[in-house]
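# A closer look at the structure
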Amino acid sequence: MRRVVVTGLGCVSPVGNSMDETWDAVTKGRSGIALISRYDSSAFKVKYDAEVKNFDASLYMDSKAARKMANFTKYAVASAKMALDDAGLTDNKEVLDKASVYLGVGIGGFEVTESSMKSYFESNQTRMPPMTVPLLIPNEGAANVSMAFGIHGATHTIATACASGTDAIGNALDNIRSGRSDVVLAGGAECTENGFSNLGFSLLQALSTKWVDDPTKASRPFDKQRDGFVMGEGGTILILEEYEHAKARGAKIYAELAGYGASSDAYHLTAPNPDGIMGGRCMTLALHDAGVKPEEVNYYNAHGTSTHLNDSGETKMLHMAFGEAAKKLHISSTKSMTGHCLGNAGSLEAALCVKAIENNFVPPTINLDEPDVEGGCDLDYTPNKGLETKVDIAMSANFGFGGHNGCLVFKRV
C-alpha cells in the first residue's frame, strides 16, 4: 500500500487567517465567537456566531476572479494557495498538472442563495443575478481551486454535511493509495453566516442562544451548561502526497495520513443514533486501516459540537472503540473556540491534529467548567488549558446530518 503524507497546510478560520494564526489561537484558548456583525441579527433568536475576520481575498487571488466566487469558494482558494506555498508546489506546473482536488462542502454559497431569492421575489419572479447558479453550487469551490492553479486531475466535491471535510480527506487518501494521483489538495470550505442559515438551523433547535452577554462562552462541549452549537465558517486545505514522491523532491513532511473509516447510522435526518454504535464502528475502521491499536492513540480531536446529543453520544463511541484505553486518551473539542464550521469542520480539525503531532501539544476545550458526567461525558476533555505531551498518533472524527460518520488517523513519520 502506498503511504500518504501531509506536506502543506493552509487555513482560513474564525480564529486566524493562516494555519499559524489558527494554531496559535487554539493553543492559547482564544475564542473566535462574537456578536454577529455581517448582517442585522436583531430579529433573530441567535445573535452570535464565529465569523472569519479581516479576510482579504486579494492576497490570494485575482480580484476579478474573486467577484465571481461565493465566500466559501474564496476561503477554499485562499487556503489552497497557502497550502501550496507551504508545500513548495505553487509554481510546480508539472506536479499540479497531474494533481487532484477533493473538497468537502456541506451547503455551498448560502449567502448567494439568500440574496438571489430576495431579488427573485422582490422582482415578481423576473430577476436575479445572472451568476447565481455558478456561485451557489457546492462544486464551484473545488472547480475554482483547479482553475486557479492549473490542476487537471480529478476534481471532486464531497457533501456529507458536517463530515464533508473528513470524507474529502479520506477519499483523497484512497485516491493516492490507488495510484491515481501522487498529490491531492484535500479539505473543506463553508460559509453559512447569514440570516437564512440562522433561521434554518434555529428552527431545528440546534444553535446556542443563551450567551448573548458573553458569546465567547457559548460553545462549551461536554459541559453541563451547553445549549447548542455556534455557527462557524472558513476553509482548510491539506496537501496530501505519496511518501516516496514527497521524499524525492525534498518536501517537508508534517505527518502521515495513515487511516480512514466511514459508516452510516441509517437512523434519522438530523439526529445521531444515541447508541453510538455506527460512530464507534467508524473509529474502529479507521484504527484498523491505520494499523494502530486504541492504546497507541495520544490525542483525539472530538466532533464535540456542544449539543447534548452529540457530546454524550460521541463519548459512548469512544468507550466502544477504545475500551479501557478511552480513560487515558487526551481529548479536546476545538469547536469551543472556532465554532462549528460545518463542511470545513473535519478538515480544520484534521489540520489541527497534524499541528498537534508537529508541536507535541493538545489544545484545550475551553468553557468546560463542569463536565456533564451525569449526561455521560466522563472522559478527559483537556478542560480550559492545553497540554504539552508527546503526540505521535492523533485522530479526529466528524458526524453529519443524515448519519454520515467519518474518522481520520494521523501518525508521526
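These numbers were taken from a predicted model, which means no experiment stands behind them.

Cut-offs applied
- Residues numbered from 1 in each chain as written.
- Predicted model: local features only at pLDDT ≥ 70, side-chain atom pairs only at ≥ 80, totals over all residues.
- Heavy atoms only, no water.
- Phe/Tyr/Trp six-rings, centres within 6.5 Å; stacked < 30°, edge-to-face > 60°.
- Buried < 20%, exposed > 50% of the residue type's maximum accessible area, 1.4 Å probe, protein only.
- Helix = DSSP H or I, 4+ residues; strand = E, 2+ residues; numbered from the N terminus.
- Lys NZ or Arg CZ within 6 Å of the ring centre and 35° of its normal.
- Salt bridge = Lys/Arg side-chain N within 4 Å of Asp/Glu carboxyl O.
- Pairing = 2+ DSSP bridges.
- Contact = heavy atoms within 4.5 Å.
- Axes fitted to C-alpha atoms, helices over the stretch in contact; angles between N-to-C directions.
- Parallel < 35°, antiparallel > 145°, perpendicular 65-115°, else oblique.
- Left-handed = near helix turned anticlockwise from the far one by under 90°.
- Nonpolar A, V, L, I, M, F, W, Y, C, P; charged D, E, K, R; others polar.
- Expected span 1.5 Å × (residues − 1).
- Core = buried A, V, L, I, M, F, W, Y, C linked by side-chain atoms within 4.5 Å.

Right, let's get into the packing of aromatic side chains. Summed over all chains, the structure comprises 9 aromatic pairs. Ring centres of Tyr39 and Phe44 lie 5.8 Å apart, and the angle between their planes is 85 degrees; this geometry places the pair in the edge-to-face category. Classification of Tyr39 by relative accessible area gives buried; the value is 18%. On the numbers, 6.3 Å between centres and 45 degrees between planes, the contact of Phe201 with Phe401 is tilted. With Phe201 in helix H9 (residues 195-203) and Phe401 in the loop between strand E13 (393-400) and strand E14 (404-411), this pair connects stretches of sequence that are 200 residues apart. Under the relative-accessibility criterion, Phe201 is labelled buried at 11%. Ring pairs connect the aromatic residues Phe55, Tyr60 and Tyr75, which therefore count as one cluster. Above the plane of the ring of Tyr243 lies Arg3, whose end atom (NZ or CZ) is 4.3 Å from the centre.

This part takes up the pattern of salt bridges. One pass over the full model with this rule turns up 22 salt bridges. A salt bridge links Asp223 to Arg220; its shortest N-O distance comes to 3.0 Å. Neither Asp223 nor Arg220 differs from the other in exposure class; each is buried. As a salt-bridge pair, Arg220 and Asp369 come within 2.9 Å of each other at their nearest N and O atoms. Of this pair, Arg220 sits in the loop between H9 and strand E7 (234-242) while Asp369 sits in the loop between strand E11 (361-362) and strand E12 (387-388), and the two are 149 residues apart along the sequence.

Burial analysis of strand E1 (residues 4-12) places 9 of its 9 residues in the buried class, which makes it a mostly covered element. Relative to E7, E1 runs antiparallel, the two sharing 8 bridges. For Val6, the partnering residue across the bridge sits in E7 and is Leu240. Bridge count between E1 and strand E8 (residues 255-264): 2 bridges; the pairing is antiparallel. For Val5, the partnering residue across the bridge sits in E8 and is Glu256.

Quick look at the environment of Gly276 now. Examined against the element boundaries, Gly276 turns out to sit in the loop between E8 and helix H11 (277-290). If we ignore the near neighbours within four places in the chain, the residues touching Gly276 are Gly313, Met317 and Met320.

Attention now goes to the packing of helix H3 (residues 71-87) against helix H7 (residues 140-149). In contact at an axis separation of 9 Å, H3 and H7 are set at 40 degrees when each is read in the N-to-C sense. Of the possible angle classes, the one that applies to H3 and H7 is oblique. For the pair H3 and H7, the sense of crossing is right-handed. In this structure, H3 contributes Phe72, Thr73, Ala76, Val77, Ala80, Lys81 and Leu84 to the contact, and H7 contributes Glu140, Gly141, Asn144, Val145, Ala148 and Phe149. Looking at the contact of H3 with H7, its residues break down into 8 nonpolar, 3 polar and 2 charged.

What follows concerns H11. For H11, built from 14 residues, the straight-helix expectation of 20 Å at 1.5 Å per residue is met to within 8% by its first-to-last C-alpha distance of 20 Å. Contact partners of the buried residues in H11: E8, strand E9 (299-301), helix H12 (308-322), E13 and E14. Remark: Gly291 follows H11 within two positions and exhibits a positive phi of approximately 70 degrees.

Now for the nonpolar core. Counting 42 residues, the largest nonpolar core has Leu238, Leu240 and Phe410 as its most contacted members. Considering each element in turn, this core owes the most residues, 8 residues, to helix H14 (residues 345-359). Formed by 37 residues, the second largest nonpolar core is a distinct cluster that contains Ala70, Ala78, Met82 and Val101.

A positive phi is found at Asn124, a non-glycine position, where the angle reads about 60 degrees. On the secondary structure map, Asn124 appears in the loop between helix H5 (110-122) and helix H6 (132-136). Of note in the backbone geometry, Ala161 takes a positive phi value of approximately 55 degrees without being a glycine.

Looking now at the packing of helix H1 (residues 19-27) against H14. Where H1 meets H14, the axes come as close as 11 Å, and the angle between the chain directions of the two elements is 75 degrees. By the angle between their directions, the pair H1 and H14 is classed as roughly perpendicular. On the side of H1, the interface is formed by Met19, Asp20, Thr22, Trp23 and Val26, while H14 contributes Leu348, Ala351, Leu352, Lys355, Ala356 and Asn359. Here the contact of H1 with H14 is composed, by residue class, of 7 nonpolar, 2 polar and 2 charged.

Before going further, it helps to examine the sheet that holds strand E4 (residues 100-104). If you walk across this open sheet you meet the 10 strands as E5-E4-E6-E7-E1-E8-E14-E13-E9-E10, and the pairing is mixed. At either end of the open sheet lies a strand with only one pairing partner, and these are strand E5 (155-158) and strand E10 (330-332). Mean inter-strand twist for the sheet, computed between neighbouring axes without regard to direction, equals 25 degrees. Docked against the sheet, H12 engages E9, E10 and E13, running at close to 135 degrees with respect to E13.

With that settled, consider H7. When you tally the buried positions in H7, you get 8 out of 10 residues, the bulk of the element. Every buried residue of H7 is listed here: Glu140, Gly141, Ala142, Ala143, Asn144, Val145, Ser146 and Phe149. Among the structural elements, H3, helix H4 (93-98), E4, H6, E5 and strand E6 (183-190) are those in contact with the buried residues of H7. Looking one or two places after H7, you find Gly150, whose phi comes out positive at around 65 degrees.

Spatial relationships are all this shows, so hold off on functional conclusions.
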